[in-house]
Amino acid sequence: MKRVLIVGCGFPQLSLIRLARRLGHHVIGADFNPRAPGVGECSEFIEVSTNDVEGLCGAMQKTRADAITTSGSEVSLKATAAVAARLGLPFHADPETIRRCQEKDAMRAGYEAGGVPVPPFGRCETLADARAFAEKHGFPVVIKPSRGWGQRGVARVDDESELAPAFEGAMAQSKSAGLAMVVIEAFLEGGEYSVNGWIEEGRLVSYCVTERLTVPGKRPLGVMVAELYPSGLSAADEARVVDAARAGAHALGHTRGPCYSQVMLGPRGAYLLETAARMGGGFDADVTRLASGVDLYERVLGVALDDGALERAGRSHEAHPAAVAKFLIGKPGIVRRVEGVDRALARPGVVEAGVFIPVGGEVHPLTDSAKRAGYVLAHGSSRNDVIATADAALSDITLETT
Ligand SMILES: Nc1ncnc2c1ncn2[C@@H]1O[C@H](COP(=O)(O)OP(=O)(O)O)[C@@H](O)[C@H]1O
Ligand SMILES: [Mg+2]
């Protein structure tokens with residue numbers, strides 16, 4: 001038994017916390033929110049923000065932790081890598097690699113330098129810069145903070161009148177995260193796909209490609225509502241998507257461990273939107289486990305525990321023909337009543353279901369991906385079948401707010 005500190009107790013870390021407990025470890029959860037959904041599943045909880053490197057180093061010492069790890073969140077990832085580097089503990093990526101995979105301007109520049117196709121893009125410090133880009137390339141464009149995650153401040157802009165509010169929203173987010181700069185790029189038509197992979201001997205191996213279904217709307221743009229396997233793509237198109245993800249990871253020098261990539265595939269080809277040196281934050285690795293039988297959480301834990309066999313864990317679960325993680329989007333307000341999760345769980349094919357916000361807590365408007373309110377994880381015999389199961393299970397759940 002090891003003492004493992006897991007940075008973050010939100011829904012992106014839930015499965016990692018559960019796995020570490022199942023394997024018999026003492027799990028110390030760290031989060032600024034004592035009501036986060038994973039807190040109750042930890043052996044021990046310590047209240048410290050997931051971006052507080054000093055505080056996390058102190059927590060490691062105070063709790064006599066042997067190892068540190070995380071999954072699913074960019075903020076937690078950055079801090080975890082910094083703490084691991086400082087304390088000389090194993091982690092799958094160093095802070096500099098993570099920086100290249102997080103800062104959107106650095107990421108775009110890295111892709112370009114590595115010959116990976118990127119949409120026309122520019123860096124803007126002023127609204128005039130953004131306007132000049134739009135005049136040159138035409139609308140629609142996408143505006144995003146150069147420092148951001150979870151779709152905070154990401155907007156589609158269709159005309160001049162939408163430019164200033166989108167610019168200001170992205171700028172506010174980016175400034176608060178440390179850099180007064182926004183990225184503007186051409187809007188790409190097409191379908192969006194997630195590549196859930198692991199980098200083995202420097203090469204990305206894909207374990208599951210999902211179709212990434214998003215909530216309609218332009219601001220925020222692209223909040224994921226479901227990750228659906230199989231992707232619905234032909235084998236040839238899926239290979240193009242995986243090739244783009246592999247080229248991106250290579251260009252950014254991400255050479256070990258979890259790799260989650262978002263790719264747009266449309267009439268202009270396959271374009272990489274981003275490469276993350278972690279697993280997806282929306283139960284993506286859970287869908288991957290249901291689809292492939294390979295549990296990437298086991299591998300993440302294997303890296304942190306310096307357990308080579310666990311880091312290379314192969315297929316240890318049943319692989320299903322179809323799988324999905326689908327989110328519940330709540331009505332903003334204070335939660336008065338949560339019901340029906342048991343009914344959802346009783347449906348054949350439903351593996352997990354839950355609501356993240358307890359009675360008395362608040363459902364916030366959907367300004368970013370962290371505001372999603374609950375989820376269902378299911379497997380089935382086909383895309384249609386598994387979506388029907390997830391929708392039925394979601395409709396079993398009542399989340400009443402006032
Ligand atoms: N150039 C683009 N064209 C079309 N859609 C985009 C573009 N850039 C981003 N999006 C949509 O917005 C979402 C969020 O953008 P992304 O750059 O991944 O920001 P974040 O890191 O906050 O998730 C994407 O997953 C996608 O759905
Ligand atoms: Mg993204």
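Look a little higher up for the structure.
Just so you know, these numbers come straight off a predicted model, no measurement behind them.

**Quick word on unusual backbone geometry**
Trans is the prevailing form of peptide bonds, just as negative phi is the prevailing case for residues other than glycine.
Phase 1 of the analysis: F139 connects to P140 through a cis peptide bond whose omega is -5 degrees.
Phase 2 of the analysis: A cis amide bond links R219 to the next residue, P220, at an omega of 5 degrees.
Phase 3 of the analysis: Phi at E201 is positive, roughly 50 degrees, even though this residue is not glycine.
Phase 4 of the analysis: For E201, the position within the fold is in the loop between β9 (191-200) and β10 (203-214).
Phase 5 of the analysis: In this structure E201 comes out as exposed when scored by relative accessible area, which is 85%.
Phase 6 of the analysis: You will see that D306, though not glycine, has its phi angle at about 55 degrees, which is positive.
Phase 7 of the analysis: One can find D306 in the loop between α10 (296-304) and α11 (308-311).

**Here's the deal with the coordination of the magnesium ion (ligand 2)**
Phase 1 of the analysis: Binding of the magnesium ion (ligand 2) to the protein goes through Q262 (OE1) and E274 (OE), at separations of 1.7 to 2.6 Å. Of this pair, Q262 sits in strand β12 (residues 257-266) while E274 sits in strand β13 (residues 269-276), placing them 12 residues apart in sequence.

**Quick word on the packing of helix α1 (residues 14-22) against α10**
Phase 1 of the analysis: Running from amino to carboxyl end, α1 crosses α10 at an angle of 70 degrees, the nearest separation of the two axes being 10 Å. One way to sum up the angle between α1 and α10 is to call them roughly perpendicular. Handedness of the crossing formed by α1 with α10: right-handed. For the pair α1 and α10, the contacting residues are S15, L16, L19 and A20 in the first and Y297, E298, V300 and L301 in the second.
Phase 2 of the analysis: Grouping the amino acids of the contact of α1 with α10 by side-chain chemistry returns 6 nonpolar, 1 polar and 1 charged.

**Overview of the sheet that holds strand β17 (residues 362-363)**
Phase 1 of the analysis: Across the sheet, 3 strands lie side by side as β17-β15-β19; this open sheet has antiparallel pairing. At either margin of the open sheet sits one strand with a lone partner, and together these are β17 and β19 (398-401).
Phase 2 of the analysis: Here strand β15 (residues 333-339) runs beside β19; their pairing, made up of 4 bridges, is antiparallel. When the bridges of β19 are listed, V335 appears paired with T401.

Calculation rules
- Residues numbered from 1 in each chain as written.
- Chains lettered and ligands numbered in written order.
- Predicted model: local features only at pLDDT ≥ 70, side-chain atom pairs only at ≥ 80, totals over all residues.
- Heavy atoms only, no water.
- Helix = DSSP H or I, 4+ residues; strand = E, 2+ residues; numbered from the N terminus.
- Buried < 20%, exposed > 50% of the residue type's maximum accessible area, 1.4 Å probe, protein only.
- Donors = N, O, S within 2.8 Å, 3.2 Å for Na, K, Ca; no water.
- Axes fitted to C-alpha atoms, helices over the stretch in contact; angles between N-to-C directions.
- Parallel < 35°, antiparallel > 145°, perpendicular 65-115°, else oblique.
- Left-handed = near helix turned anticlockwise from the far one by under 90°.
- Contact = heavy atoms within 4.5 Å.
- Nonpolar A, V, L, I, M, F, W, Y, C, P; charged D, E, K, R; others polar.
- Pairing = 2+ DSSP bridges.

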